[in-house]
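As a plain string of letters, each chain reads:
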Amino acid sequence: MHGHVRRRLIAVLCVLGGVLALACWLVAVLSPVPFAWAVTGGVAVVAVQYLVAPWVIAWLVPATELVRTADGYRSDEPVAAIVARQCRAGGLPLVRLGIVEDGEPNAFTFGRSRRDSRVWISRGLLDRLDEREVEAVVAHELGHVAHRDVAVMTAASLIPAVLYFATAGGRAADRPGGNDLNRLLAFAAYLAAQLALLGFARAREFGADHASCRATGDGDALCSALVRIAYGIDEVGRERAARIAALRADDENRQARRLARRAARIRSTGALGIAGPGGLPAAGLLGPGVPPERIAAAMRWENTSPWARWGELFATHPLVVHRIAALERSGLPGAPTRWGAVRAAAAARPGERTAARGRFLVELPLHLGGWACLVAALTVAQHHLDVGGPRTVAVLVAAAGVLLVVRAALRSPLGAPEPVDEAASLLERLDAGPVGAVPVSLRGRIVGRGGYVASPDFVLADDSGIVPIVYLQPFPGARTFFGLTGADAFVDQEVLVTGWFLRAPGPYVELRSITGASGHTARSWQFVARYALSLAVLLVGAVLLALNL
């Protein structure tokens, strides 16, 4: 593993070790829960997860598994030969390979051991990426297998699990007001452990990226694949994918595969273009359908907005701009050479970073402040009524209501939606984030449903690329019910979607309504619940203030 990645792993492991030492001290000194009980509970949960997870994932994300033979797979899918070749080159057992019939470009690895490892690849990825990019993604996933990342991450998750059981046991045995220090320290340790675990996962992703670069000697292809998958940019992919899908629907599978291979050969020649001196690369250099100007606009948000760094802290995968930069700095054979100009063009322009920081400093308190005030009000009401009395509770609840109302207005603005001609143009919006949303309406075709069997979410494609559409409801079980009963009606339909564009840090549209060409319509009431809850809290706060003034 390369030194840069090794240093990241060592740093995160030191943090996890420190949190584990703190957990032992908390359990031994402050918590009424015996340390052995907390460890036993954590080990039991992690062990069950490790044993059961592959079956659960295979059920949630159904795939057509290709039959393995002595030297490969019994299939003429081009990806089968790629996976077999990369397994042999890496000295790995032939993994179980599955094709997920979904339009969302995605690939992931799961399993208990190297011999039990499975690589699931979506049809959307195979149809939209060229052969070099597919091979780079396959090598990345096999890098996870070679590094035993599933087992390593499962073992690392034991630390937060132990802390959870220690904290839960402490709450159960606690007397009102008698063990606040225990709860506070245990929660802080649990949060630190979770953040360290996420950092550990991101370090493993860097390691898999480097493994792909070493295996293929083609870091540029991996960068191109990351951009296509993360940002959904592909100005020629939709037409090609639609033609391939139509051929498959007519049982012309051989002709569909021939078209996919021909498109891959044509796309691979685009990488032979030459970048102009001091400027962005020619469009073909990064692959047809991956325009450099649009990539730079998409990356600019990650370079400019503090929300990008904030979101990365709570994500399992690093930002794309950081992954490309890490590969460029790696010094590996085949490290990317064609993305420096794109990253330079994606740098924040004068005034953009200042404006983004100003929005962040306003939105972060709005994002967390309302719920923080409610938690503080409940804590005072339960344990510390003598500190300020009911008036303090009333002020905190009223403040929470004001903050939640403003947050709802930013998160779900009720103005007329802005018509969007190209989905990929949304990536240029620097004013979007996890709190500040942009009301939009866009047209396209639903090409996928988020990849798993009961997913209520959609993947919308137009001529510029794809964008995830997230379906939310305030009612328990409503998302799953819609995923099982209503979502299929919109697949392969031309639709009109209205909603709110956000980045958190990945781009997506939170659905307000969707109308298909067949007349099917679905609506989300999440924004109504958001406003209703915030107004209700504000009303309760006003009543409490009136009673205690």
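Residues numbered from 1 in each chain as written. Predicted model: local features only at pLDDT ≥ 70, side-chain atom pairs only at ≥ 80, totals over all residues. Heavy atoms only, no water.

Chemist: Just give me the short version of the overall build of the protein, but keep the residues and values in it.
Modeler: Tallying secondary structure elements over the protein gives 19 helices and eleven strands in all. Expressed as a percentage of the 549 residues in the protein, the buried residues total 51%. Contacts in the protein between residues far apart in sequence, at least 24 positions, make up 70% of those at least 6 positions apart. Roughly 24,400 Å² of accessible area belongs to the protein as shown, and the carbon and sulfur atoms make up 63% of that amount. (Helix = DSSP H or I, 4+ residues; strand = E, 2+ residues; numbered from the N terminus. Buried < 20%, exposed > 50% of the residue type's maximum accessible area, 1.4 Å probe, protein only. Contact = heavy atoms within 4.5 Å. Areas by Shrake-Rupley, 256 points an atom, 1.4 Å probe, with all protein chains shown as cover.)

Chemist: Explain helix H12 (residues 292-304) to me, using residue names and the numbers behind them.
Modeler: Along its 13 residues, H12 runs 18 Å from first to last C-alpha, staying within 8% of the 18 Å computed at 1.5 Å per residue. Among the 13 residues that make up H12, eleven are buried, leaving the element largely enclosed by the rest of the structure. Turning to H12, its buried residues number three or more, namely Pro292, Arg294, Ile295, Ala296, Ala297, Ala298, Met299, Arg300, Trp301, Glu302 and Thr304. (Expected span 1.5 Å × (residues − 1).)

Chemist: Requested: an account of the pattern of salt bridges, with residues and values cited.
Modeler: Within this structure, the stated rule accounts for 22 salt bridges. Note that Arg85 is salt-bridged to Glu135, the shortest N-O span being 2.8 Å. One end of the pair, Arg85, is in helix H3 (residues 78-90); the other, Glu135, is in helix H5 (residues 131-146), with 50 residues separating them in the sequence. A salt bridge links Asp457 to Arg479, with the shortest nitrogen-to-oxygen separation between them at 3.1 Å. With Asp457 in the loop between strand S6 (438-448) and strand S7 (458-462) and Arg479 in helix H18 (residues 478-485), the pair connects residues that are 22 residues apart, well separated along the chain. Exposure remark for Asp457: the relative accessible area of 16% places this residue in the buried category. Among the ionic contacts, a cluster of salt bridges with common partners joins Glu65, Arg96, Arg112, Asp116 and Arg118. (Salt bridge = Lys/Arg side-chain N within 4 Å of Asp/Glu carboxyl O.)

Chemist: Go over helix H14 (residues 320-329) with me, naming the residues and quoting the values.
Modeler: Counting buried residues along H14, eight of its ten residues qualify, which places the element largely inside the surrounding structure. All buried positions along H14 are accounted for by Val320, Val321, His322, Arg323, Ile324, Ala325, Ala326 and Leu327. Following H14 by one or two positions, Gly331 adopts a phi angle in the positive range, close to 70°.

Chemist: Tell me what's going on with the sheet that holds strand S2 (residues 96-100), and back it up with residues and numbers.
Modeler: A sheet is described by the order of its strands in space; here four strands give the open sequence S1-S2-S4-S3, paired in mixed fashion. Because the sheet does not close on itself, it has two edges, and the strands there are strand S1 (64-65) and strand S3 (107-110). Direction of pairing for S3 relative to strand S4 (residues 118-122): antiparallel, over a ladder of four bridges. In the strand pairing of S4, Phe108 is matched with Trp120. (Pairing = 2+ DSSP bridges.)

Chemist: Give a detailed account of the environment of Ala47, specifying residues and quantitative values.
Modeler: Along the chain, the position of Ala47 falls in helix H2 (residues 35-60). Of the residues examined, Ala47 reaches a relative accessible area of 35% and is grouped as partly exposed.

Chemist: Account for the side chain of Arg503, naming residues and giving values.
Modeler: Among the structural elements, Arg503 can be located in strand S9 (residues 494-503). Here Arg503 occupies a buried position and makes no salt bridge, while the nearest side chain of opposite charge, Glu302, is found at 4.1 Å. One polar contact links the side chain of Arg503 to the main-chain carbonyl oxygen of Pro505, over a distance of 3.4 Å. With residues near it in sequence (within four places) discarded, Arg503 still touches Tyr231, Ala298, Trp301, Glu302, Leu427, Ala432, Gly433 and Pro434. (Lys, Arg positive; Asp, Glu negative; His and termini not counted. Polar contact = N/O pair within 3.5 Å; in protein donor to acceptor, adjacent residues only side chain to side chain.)

Chemist: Could you give me a rundown of the confidence of the model for the protein, with the residues and numbers involved?
Modeler: Taken as a whole, the protein shows an average pLDDT of 81; of its residues, 77% reach a score of 70 or greater. Least confident of the elements in the protein is helix H11 (residues 253-269), whose mean pLDDT is 43; most confident is S9, at 96. With pLDDT under 50 throughout, residues 1-5 is counted as low confidence; its partners more than four residues away or in other chains account for 15 contacts. Low pLDDT (under 50) marks residues 257-288, which in the prediction has 55 contacts with non-local residues, meaning those over four places away or in another chain. (pLDDT = per-residue confidence, 0-100.)

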